[in-house]
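What follows is each chain in one-letter form.
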Amino acid sequence: MQTLQEITSTRSNALIDPGLHIWHGEVAAYLFLGGVVAGVMVLAGLGLLLRPKGERSVHLGLLPWTAPILLSVGMLFLWMDLENRFNAFRFYLVFRPTSPMSWGAWILLAIYPASIAMAWITTPEGMKQRVSDWARSRSSFLANRLACLDGVVSTHVNKVAVINVVAGAGLGIYTGMLLGTMASRPLWNSAILGPLFLTSGLSTGAAYMLLYRLKDTERILLAKADMGLILLELGLIAVWLVGLMSGGAAQRAGAYTLLGGPWTAAFWTLVVGFGLVAPFLGEWMERRGGHVPGRVAAGMVLVGGLALRWIIVYAGQHVGWHDVAAALF
Amino acid sequence: MSRVRYAMAIDTHTCVGCTACVMACKTENNVVEGFNRVWVTQDLQGIFPDLSLTIQSERCNHCEDAPCVSVCPTGATHVGPGGIVLVDEDKCTGCKACIAACPYGARFIDPRTGTADKCTFCAHRSEHDVYTTACQDVCPTRSIHFGDMNDPDSDIARVLATRESYTLLPEAGTSPRLFYLK
C-alpha cells in the first residue's frame, strides 16, 4: 500500500507560488545579447591580435560599432526587468564581490570604452578621415579631442585588443555565472554554466558576424570557428547534464526538467537540433561545396542561442531545493 | 558577554495551525494584500489509520550564512543588529536575485514599492535587546519562542538546550536561525 503524503500551505505569494516565476524573457534576451557582444569583442579582438593577411572588408571593420549598441539594448531589457527601476543607479554606488550581479554591472561599464576603442581602430581609414573632417568643421576643440583619442588608441592597438578579449570573455562567463551561482536552483547551480554561456556567446557572436557581407576568407574563417564552437558547446551541454545526473536528488530533479520534464522537447529540438546540430551540418555541407546559404545557418545559431538562454532561465526556476525536499520527505 | 543573536523556535507539538501568527504579522507589518511573510504548512503522512501530521509556522529563516545577503548587488539585503536579515528599501532595485537565491521561498516583491519583502523578526520592536514578535504575542498555544540564543538565561536558549529541534533544508547549508521543536 502506498504511503500518503499531503502538504498544504497557506502561502500564496505571486511569482513564488506555486512555482518560482520571477525572471522572464527580458533576462533571457539580456543574457543572449550579452553573449553576442562578448563573442564580437573576443573574435574581433583576436582578429586584431592575429592580423590575418589582406585588408579587412568594410563590413567587418564597421560591425564592432554594433557591440555597444547591442549591449545598450540588452541593458535596457535588464532595466525593464527591475521592479524598482529608479534605484538602478544603486548598482554603481557599491561593489559587492560576493554578488555576480554586482560584478556584471561593473564589467558592463568597462565594456563600453573597450568596445568603442576597438570599433574606432577597425573603422576604415577613409571613414575615420570623414569623421575627423566633420569634427573639424564643427569645432576645433572637438577635432583636437578626437585626434588625441585617435592617437592614444592607434598607438595601443594590441592593448585594446587584449582588453577586448579579456573583457568579452569576462562578460560571456558572467552571463552564465549569474545563474550558475544560485545554489538553491539545482539546474543552474553548476560551474559549467559559465563556460557554456561563454562558448554559446562566442558561437552566436561568430554567427552574428556572418550575417554581414564579408570577404570569402573572413567568412570561411568565422564559419570554421563557429563549427568548432558548436562542437564544444554540445560537449559542455553533455558535461553539464551528466554532472547534474550524477549528483544528489536536487541536481537530478533539476536535470529532469530537460531530460523528460516539461522543457525536454523545447530544449532538444530548438536548442540542440535547430540551433546546434542543423547549422553545424549546414556549415559542414557548405565547406564541402554544397549550396547552403551561410546566413541561414548563422540565423539558426542565433535562434538556438536565444532559445538556450530562454529555456534555461525558465526551466531553472521550475525546481528549487524546497520542491525537492517536499517530494522526498 | 557574547553579542546578541536572535533566533526563533516553534513547537510543532503544540502548534495547532490556527494561522493567528499569519494574521498578526500581516496586521503588525502592513503586509500587502495577497502576500504573506508568515505562512503555515501542514504535512500529513502515513497509511490510514496510522497518520502523522506536522504543522509548521514558516517564515524567513534569518540564516547565519544567508545566500540572499551574498547575492544582493547593492547591499540592500544585509545582516542587521542581532543577526536579523533585513532589506533596506532605499537601496533595493527589485532585481529579484535574492528571491532566486532563497531556498525557502521566504521572499517576495511588494508591488507597492517594487522592493523585496520578508519577515524581519519584528525588528522595529527591538528598542531593547529583549522584545517579543507579533506572531509570538498572539499564539494561543504559546508555541513560538523568540529571543537571544546567546543569552543562556533566555527562553529560546533554554528550549533549544533542553528540547530536540530541527531546521528546514539543512542540506542547503544556510544555518537557519528558525528552529522547530520535535
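Scroll up a little and you will see the structure.
In short, a report on the structure. (Residues numbered from 1 in each chain as written. Chains lettered and ligands numbered in written order. Predicted model: local features only at pLDDT ≥ 70, side-chain atom pairs only at ≥ 80, totals over all residues. Heavy atoms only, no water.)

A look at the interface of chain B and chain A
Which entries qualify depends on this criterion: Should any heavy atoms of two residues lie within 4.5 Å, those residues are considered in contact. The quantity reported as buried area is the accessible area (1.4 Å probe) lost by two parts once they are put together, taken as the sum for both. Each reported salt bridge corresponds to a side-chain nitrogen of Lys or Arg within 4 Å of a carboxyl oxygen of Asp or Glu. The helix and strand labels rest on DSSP assignments: H or I over at least four residues marks a helix, E over at least two residues marks a strand, and numbering proceeds from the N terminus. Polarity classes work like this: nonpolar for Ala, Val, Leu, Ile, Met, Phe, Trp, Tyr, Cys and Pro, charged for Asp, Glu, Lys and Arg, and polar for all others, with Gly in that last group.
Each partner contributes to the interface: chain B provides 49 residues, whereas chain A provides 40 residues. At the boundary of chain B with chain A, total buried surface from both sides reaches about 3700 Å², with 57% on carbon and sulfur atoms. At the boundary of chain B and chain A, one finds two salt bridges. For the salt bridge of K96 of chain B with D81 of chain A, the shortest nitrogen-to-oxygen distance reads 3.2 Å. When residues of the side of chain B that touches chain A are traced back to their parent elements, those giving at least two are β2 (39–47), β3 (50–58), α2 (67–71), α3 (97–101) and β6 (108–110) of chain B. The element contributing the most residues to the side of chain B that touches chain A is β2 of chain B, with nine residues. Here the residues of the side of chain B that touches chain A sort into 24 nonpolar, 17 polar and eight charged.

Some details on a nonpolar patch on the surface
Residue and element names in this part refer to chain A. This is how the line gets drawn: Candidate patch residues must exceed 30% relative accessible area and have no salt bridge, after which like charges are joined if within 9 Å and Val, Leu, Ile, Met, Phe, Trp or Tyr side chains if within 5 Å. A 1.4 Å probe and the Shrake-Rupley method give the accessible areas. Residues count as covered only by the protein chains that appear here. Here's how the labels work: a residue is buried when its accessible area is under 20% of the maximum for its type, exposed when over 50%, partly exposed in between, all with a 1.4 Å probe on protein chains only.
On the surface, L46, L49, L50, V162 and V166 cluster together into a nonpolar patch covering about 430 Å² of accessible area. Within the residue set of the nonpolar patch, elements represented by two or more residues are α1 (25–50) and α7 (157–180). Top contributing element to the nonpolar patch by residue count: α1, with three residues. Among the secondary structure elements, L49 is positioned in helix α1. For L49, a relative accessible area of 32% gives the class partly exposed.

Looking at helix α8 (residues 193–210) of chain A
Note the threshold: One less than the residue count of a helix, multiplied by 1.5 Å, gives the span that helix is expected to have.
Between its first and last C-alpha atoms α8 of chain A spans 25 Å; for 18 residues at 1.5 Å apiece the expected length is 26 Å, and the two agree. The buried fraction of α8 of chain A is high, at 17 of 18 residues.

Some points on the sheet that holds strand β1 (residues 4–9) of chain A
What counts, and what does not: Should DSSP find at least two bridges between two strands, the strands are taken to pair. For helices, the fitted line uses only the C-alpha atoms of the stretch in contact; every axis is such a line through C-alpha atoms, and the angle between N-to-C directions lies from 0 to 180 degrees.
Read from one edge to the other, the open sheet built from three strands follows the order β1(A)-β2(B)-β3(B), with strand pairing classed as antiparallel. In this open sheet, the two strands that pair with only one neighbour each are β1 of chain A together with β3 of chain B. The average angle at which neighbouring strand axes cross in this sheet is 10°, direction not considered. The pairing of β1 of chain A with β2 of chain B spans six bridges and is classified as antiparallel. Residue pairing for β2 of chain B: S9 of chain A is matched across the bridge by T41 of chain B.

Observations concerning unusual backbone geometry
Trans peptide bonds make up most of the peptide bonds, and negative phi angles are found at most residues other than glycine. In this model, D17 of chain A is joined to P18 of chain A through a cis peptide bond whose omega is 0°. Within the secondary structure, P18 of chain A sits in the loop between β1 and α1. With an omega of 10°, the peptide bond running from F48 of chain B to P49 of chain B counts as cis. Here P49 of chain B is to be found in the loop between β2 and β3. Here the phi dihedral of R142 of chain B falls at roughly 50°; this positive angle occurs in a residue that is not glycine. For R142 of chain B, the location among the structural elements is in the loop between α4 (134–138) and β8 (144–148). For R142 of chain B, a relative accessible area of 70% puts it in the exposed group.

Quick look at the environment of P73 of chain B
All names here are of chain B. Assignment of secondary structure puts P73 in the loop between α2 and β4 (77–79). Taking relative accessible area as the criterion, P73 reaches 1% and is therefore assigned buried. Separated by 20 residues in the primary sequence, P73 and T93 place their C-alpha atoms 9.0 Å from one another.

Comments concerning the pairing of β3 of chain B
Residue and element names in this part refer to chain B. Here β2 runs beside β3; their pairing, made up of nine bridges, is antiparallel. Each bridged residue has a counterpart across the sheet, and for L44 the counterpart in β3 is L53. Between β2 and β3, which pair antiparallel and follow one another directly, the connecting turn spans two residues.

What to know about the pattern of salt bridges
When charged atoms on two side chains of opposite charge get close, those side chains can pair. Under the definition given, this model contains 15 salt bridges over all chains. The residue E64 of chain B makes a salt bridge to R5 of chain B at a minimum N-O spacing of 3.5 Å. Here E64 of chain B, found in the loop between β3 and α2, pairs with R5 of chain B, found in the segment before β1 (6–11); they are 59 residues apart in sequence, far enough to count as distant. Taking the relative accessible area as the measure of exposure, E64 of chain B reaches 40% and is therefore partly exposed. Shared partners join several salt bridges into a network, and the residues in it are D81 and E83 of chain A together with K96 of chain B.

Here's the deal with the sheet that holds strand β10 (residues 178–181) of chain B
Residues and elements named next belong to chain B. Read from one edge to the other, the open sheet built from four strands follows the order β8-β1-β10-β9, with strand pairing classed as mixed. The strands lining the two open edges of the sheet, one partner per strand, are β8 and β9 (165–166). The pairing of β1 with β8 spans five bridges and is classified as antiparallel. Bridging across to β8, M8 finds its partner in F146.

Structural measurements only, silent on function.
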